[in-house]
Amino acid sequence: MTPEVFMREAIREAETGLRQGRGGPFGCVIVRRGEIIARGQNRVTSTNDPTAHAEVTAIRAACAARGTFQLDDCELYTSCEPCPMCLAAIYWARIPRVYYGNTRTDAAAIGFDDDFIYSQIPLPPGQRTLAMQPLLRDEAQGAFREWQAKADKVRY
C-alpha cells in the first residue's frame, strides 16, 4: 500500500468523526509494516477532553494495542499538520515519520488556533499570553532527585 492510500484513510477518519459529531475535522491512522494498527478521530467536544485530538487518540490506541509506549517502527498519517501538543506526543512516542494533509495555516483559516500556539512556543515564558510563574522549585526537585537515584526506572 502507498502513503496516499494511508492518507486517504486518515482523511476518511476526519470526515467520519466530523459527520458523526465527535469533534473537529481531524483524522489519523498509524501504520506499522504496511498495516494500519490504530485509527484516531478528534473527539474533543464529544468527550470534553481538550487533549483528545486525532493524533493523540490514535497514539493511545496504538500503544495499548502493542503494549508499549514507543512506536519507533511506525508511521503516522494525519489529515492536518499536527498541533504543538500532538507534535510533542509524536516525539514522545518516537514515531520517526509523519505525513499530513492540511497545514496549520489551513487550520487557522477555519478557526483552529494551532498557528497561534506555535507562535507562542519560542517566546520566553514571561512574554507568552499564558501567565506562567515558577513556584516551589526547591521542593519540586525532591521528586527529580528520587527519580535520578531510582535503580529500577523505565527510561523513556
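Owing to the predicted nature of the structure, the values given are computational and were not obtained by experimental measurement.

Student: Give me the pairing of strand E4 (residues 97-102): which residues, what numbers.
Tutor: Pairing of strand E3 (residues 74-80) with E4, which is carried by 5 bridges, proceeds in the parallel orientation. The partner of Thr78 across the bridge, within E4, is Tyr100. Handedness of the crossover joining E3 and E4 through helix H4 (residues 84-92) is recorded here as right-handed.

Student: Run through the environment of Phe69, naming residues and quoting values.
Tutor: By the element assignment, Phe69 lies in the loop between helix H3 (54-66) and E3. Placed 23 residues apart in sequence, Phe69 and Trp92 show a C-alpha to C-alpha distance of 8.4 Å. Setting aside chain neighbours within four positions, we find Phe69 in contact with Cys63, Trp92, Ala93, Val154, Arg155 and Tyr156.

Student: How would you sum up helix H1 (residues 3-19)? Please name residues and give values.
Tutor: Each α-helix turn comprises 3.6 residues. Residues three or four places apart therefore point the same way. When the terminal C-alpha atoms of H1 are compared, their 24 Å separation across 17 residues agrees well with the 24 Å that a helix rising 1.5 Å per residue should span. For H1, the set of buried residues is Phe6, Met7, Glu9, Ala10, Glu13, Ala14 and Gly17. End-on, the buried residues of H1 take up no more than an arc of 155°, which puts them together on one face. The outward face of H1, more than 90 degrees from its buried face, is lined by the exposed residues Arg8 and Arg19. Contacts made by the buried residues of H1 are with strand E1 (27-32), strand E2 (35-41), E3 and E4. Downstream of H1 by a residue or two, Gly21 has a phi angle that is positive, lying close to 70°.

Student: Give a detailed account of a nonpolar patch on the surface, specifying residues and quantitative values.
Tutor: There is a patch of nonpolar side chains on the surface, built from Phe69, Trp92, Trp147, Val154 and Tyr156 and spanning about 610 Å² of accessible area. One can find Trp92 in helix H4. For Trp92, a relative accessible area of 52% gives the class exposed.

Student: I'd love a proper account of unusual backbone geometry, names of residues and values included.
Tutor: Backbone geometry places Arg33, a non-glycine residue, at a positive phi of 50°. Tracing the backbone shows Arg33 in the loop between E1 and E2. Phi is positive for Arg94, which is not a glycine, with a value near 65°. Take Arg94: it is sitting in the loop between H4 and E4. On the basis of relative accessible area, Arg94 is assigned to the partly exposed category, the value being 34%.

Student: Tell me about the layout of surface pockets, residues and numbers included.
Tutor: When its volume is computed, the largest pocket comes out at roughly 310 Å³. If you trace the largest pocket, you find 18 residues lining it, with His53, Cys83, Phe112, Asp113 and Asp114 closest to the centre. Of all the secondary structure elements, the ones that give two or more residues to the lining of the largest pocket are H3, E3, H4 and helix H6 (114-120). Examining the composition of the lining of the largest pocket, we find that 3 residues originate from one element, H4, more than from any other. For the lining of the largest pocket, the per-class residue count stands at 11 nonpolar, 3 polar and 4 charged. Roughly 190 Å³ of volume is contained in the second largest pocket. Residue lining of the second largest pocket: 13 residues in total, with Ala14, Pro25, Phe26, Ser79 and Asn102 positioned closest to the centre. Broken down by element, the residue count for the lining of the second largest pocket peaks at 4 residues, all from H1. Grouping the constituent residues of the lining of the second largest pocket by class yields 8 nonpolar, 3 polar and 2 charged.

Parameters at a glance
Residues numbered from 1 in each chain as written. Predicted model: local features only at pLDDT ≥ 70, side-chain atom pairs only at ≥ 80, totals over all residues. Heavy atoms only, no water. Pairing = 2+ DSSP bridges. Helix = DSSP H or I, 4+ residues; strand = E, 2+ residues; numbered from the N terminus. Right-handed = clockwise from strand over helix to strand, strands pointing away. Contact = heavy atoms within 4.5 Å. Expected span 1.5 Å × (residues − 1). Buried < 20%, exposed > 50% of the residue type's maximum accessible area, 1.4 Å probe, protein only. Arc of directions from axis to C-beta. Patch = residues over 30% accessible without salt bridge, like charges linked within 9 Å, V, L, I, M, F, W, Y side chains within 5 Å. Areas by Shrake-Rupley, 256 points an atom, 1.4 Å probe, with all protein chains shown as cover. Salt bridge = Lys/Arg side-chain N within 4 Å of Asp/Glu carboxyl O. 1 Å grid on protein atoms, 1.4 Å probe; cavity = no way out; pocket = protein on both sides within 12 Å on 5 of 7 lines; lining within 4 Å. Points joined across faces, edges and corners; volume = space filled by probe spheres on them. Nonpolar A, V, L, I, M, F, W, Y, C, P; charged D, E, K, R; others polar.

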